[in-house]
Amino acid sequence: MELLDQILLGFQTALSPVNLAYCFVGVVLGTIIGLLPGLGSATGVALLLPLTLTLEPVTALIMLAGIYYGTQYGATISSVLIATPGDSATVVTTIEGYRLARKGRAGPALAIAAVASFLAGTISIVLLMTLAPVFASFALDFGPPEMAALMVLGLAGVIGFTGSSQAKGLAMAAFGLALATVGIDPSTGVERFTFGNVQLLGGIGFLEVVIGLFAVAEVLSAVRRGGSEPIRTRFRDMLLSREDWRRSRGAIARGGILGFFLGVLPGAGATLASFFAYDVERRLSRRRDEFGKGAIEGVAAPEAANNAAVNGAFVPTLTLGIPGSGTTAVLLGAFLLFGIQPGPLLLEEQPQLVWGLIASFYVGNLILLLLNLPLAPLFASILRLRYGLLYPIILLLCFVGAYAVENRMWGVWVAFVFGVIGYFMKRYDYPAAPVILGLILGPMLEKALMQTSSMGGGDFGIFLQRPIALVLFALAAVVIMGPLLVRGGALLAGRPGSAHGREQKGG
């Protein structure tokens, strides 16, 4: 069957009345789940999976996929409005999105998130349809050494989140890595840093830390400042302007392409893609001084990346049977429940299911755009509430979300403790994002290093035999040393004793 025929078959399947209706239900439910702190896409898909067991396999999978990317946008709404990421992939969006909201520009922030998600989804779906088998074989070249190098490159990107002090940012990244070591050693099964507390055997929960460092800390900081007035802004100020679009279009394209490539790599996921996209955009932007203060391209890039990564994660899932992310691992279980075995033969054996599912990604993204773009100003109007009413609601949502992660009070206490820590971090200008990045990448880096050590018989010299890993390490070195070398060169060029300095002095 020719590629064009397969694509037409896919859209014919996705646009059937039943599948279209369940796609709509999926994205709406996903948006609602994303709004609730602590649930996330993997939990949402797992919770609603039993509801699909009576449906036809293709209809069920279309609905579950709709929940997946609907959750991403729902999480963006809470990230922008109340600094509470509903999903780990929207943590970076909080950095710029919430600051835009505090400036009365929550509407444009939400609108550009919807537009970026749709356009990046379109880019990634085209790539998915045309190059899935090629990307699948490329992903197979990424073994543990390459994944370890990718994690190091991700940690090197922490420089993009360091704010006024690079030393503070690196210290916070180290703090995040230290938090990631709490629990059970994955190689020996020995307890680490639990201090006899059985609650810590499972480690420190990622979402609880995110809720504490961002949302609870923001409420505590706002209460300390006092006197905050509700945002008073005109309706037209909540709409996306031409200038917003001009600043964001390049970020959307770059974020979409980068997000798809990272999404293809098993285990990388939308969270890592959003961090990378934000860091790349900050480095390329002509308005670097606005980052951290409400740069709209700082919302567009990570939102484009996380949506594209969602689609990219289906490449290894469909073609190799290897989950590309935590949520696609749950979806892989759904495939197996319906008696479908993902792998190289799936495209040939069940083209209607595969291409119908892929086409539904585009349909679902279009539904999300049509639903949420007109509603962005309405969502933004929540910020017109008096903060005496808004802050208790935010705290309630935070603690309910922290409890819902594992249905125990321990999550609430973790969120509260990290809320206090986050309050002092804000007060003394320590960035929160590097802590989250260290906490995300720590377990992944440790696992990759252990597997690499096993491959090399305990000898890490195996890295020298892996060209892709060496390239990634070289990029990490450039990311870390580049700003230092540029700064040193500028100082050297401006010294009175240098030739350039003498010329300037003489001039």
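Since the model is a prediction, treat every value here as computed from it, not as a measurement. (Residues numbered from 1 in each chain as written. Predicted model: local features only at pLDDT ≥ 70, side-chain atom pairs only at ≥ 80, totals over all residues. Heavy atoms only, no water.)

Re the overall build of the protein
Move 1: Summing up its helical and strand segments, the protein has 21 helices and two strands in all.
Move 2: Across the 507 residues in the protein, those meeting the buried criterion constitute 54%.
Move 3: Counting every atom, the protein has about 21400 Å² of accessible surface; 66% of that belongs to carbon and sulfur. (Helix = DSSP H or I, 4+ residues; strand = E, 2+ residues; numbered from the N terminus. Buried < 20%, exposed > 50% of the residue type's maximum accessible area, 1.4 Å probe, protein only. Areas by Shrake-Rupley, 256 points an atom, 1.4 Å probe, with all protein chains shown as cover.)

Looking at the packing of helix 8 (residues 166-180) against helix 19 (residues 433-455)
Move 1: Taken N-terminus to C-terminus, the directions of helix 8 and helix 19 make an angle of 40 degrees; their axes are 7 Å apart at the nearest point. Looking at the two axes, helix 8 sits oblique to helix 19. The way helix 8 lies across helix 19 gives a crossing that is right-handed. On the side of helix 8, the interface is formed by Gly169, Met172, Ala173, Phe175, Gly176, Leu177, Leu179 and Ala180, while helix 19 contributes Pro434, Val435, Gly438, Leu439, Gly442 and Pro443. (Axes fitted to C-alpha atoms, helices over the stretch in contact; angles between N-to-C directions. Parallel < 35°, antiparallel > 145°, perpendicular 65-115°, else oblique. Left-handed = near helix turned anticlockwise from the far one by under 90°. Contact = heavy atoms within 4.5 Å.)

Overview of the confidence of the model for the protein
Atomic detail in the predicted coordinates should be set aside for any region of low pLDDT.
Move 1: Overall, the prediction assigns the protein a mean pLDDT of 78, with 83% of residues at 70 or greater.
Move 2: Looking over the protein, one finds the lowest element-wise mean pLDDT in helix 21 (residues 499-506), namely 46, and the highest in helix 18 (residues 409-427), namely 89.
Move 3: Confidence drops under pLDDT 50 across residues 497-507; counting only partners more than four residues distant or on other chains, this segment forms eight contacts. (pLDDT = per-residue confidence, 0-100.)

Here's the deal with helix 5 (residues 91-102)
Move 1: Here helix 5 spans 17 Å end to end across 12 residues, near enough to the 16 Å set by a 1.5 Å rise per residue.
Move 2: Judged by how many residues are buried, helix 5 sits mostly within the fold: 10 of 12 residues are covered.
Move 3: All buried positions along helix 5 are accounted for by Val91, Val92, Thr93, Thr94, Ile95, Glu96, Gly97, Tyr98, Leu100 and Ala101.
Move 4: Immediately beyond the C-terminal end of helix 5, within one or two residues, lies glycine 104, with a positive phi of roughly 85 degrees. (Expected span 1.5 Å × (residues − 1).)

Regarding helix 10 (residues 242-264)
Move 1: The terminal C-alpha atoms of helix 10, which comprises 23 residues, lie 33 Å apart, in line with the 33 Å expected from a rise of 1.5 Å per residue.
Move 2: What helix 10 keeps buried is the set Asp244, Arg247, Ser248, Ala251, Ile252, Gly255, Gly256, Gly259, Phe260, Leu262, Gly263 and Val264.

As for the packing of aromatic side chains
Move 1: Counted according to the given criterion, the structure contains eight aromatic pairs.
Move 2: Plain terms: the ring middles of tryptophan 413 and phenylalanine 416 are 6.4 Å apart, the flat faces sit at 85 degrees to each other, and that makes the pair edge-to-face. With a gap of three residues between them, tryptophan 413 and phenylalanine 416 both fall in helix 18, about one helical turn apart.
Move 3: Judged by its relative accessible area of 40%, phenylalanine 416 falls in the partly exposed class.
Move 4: Ring centres of phenylalanine 463 and phenylalanine 473 lie 5.2 Å apart, and the angle between their planes is 80 degrees; on these two criteria the pair is classed as edge-to-face. A residue pair is termed long-range when its members are at least 10 positions apart, and phenylalanine 463 in the loop between helix 19 and helix 20 (467-494) and phenylalanine 473 in helix 20 qualify at 10 residues.
Move 5: A relative accessible area of 10% means that phenylalanine 463 is categorised as buried.
Move 6: We classify phenylalanine 473 as partly exposed; its relative accessible area is 27%. (Phe/Tyr/Trp six-rings, centres within 6.5 Å; stacked < 30°, edge-to-face > 60°.)

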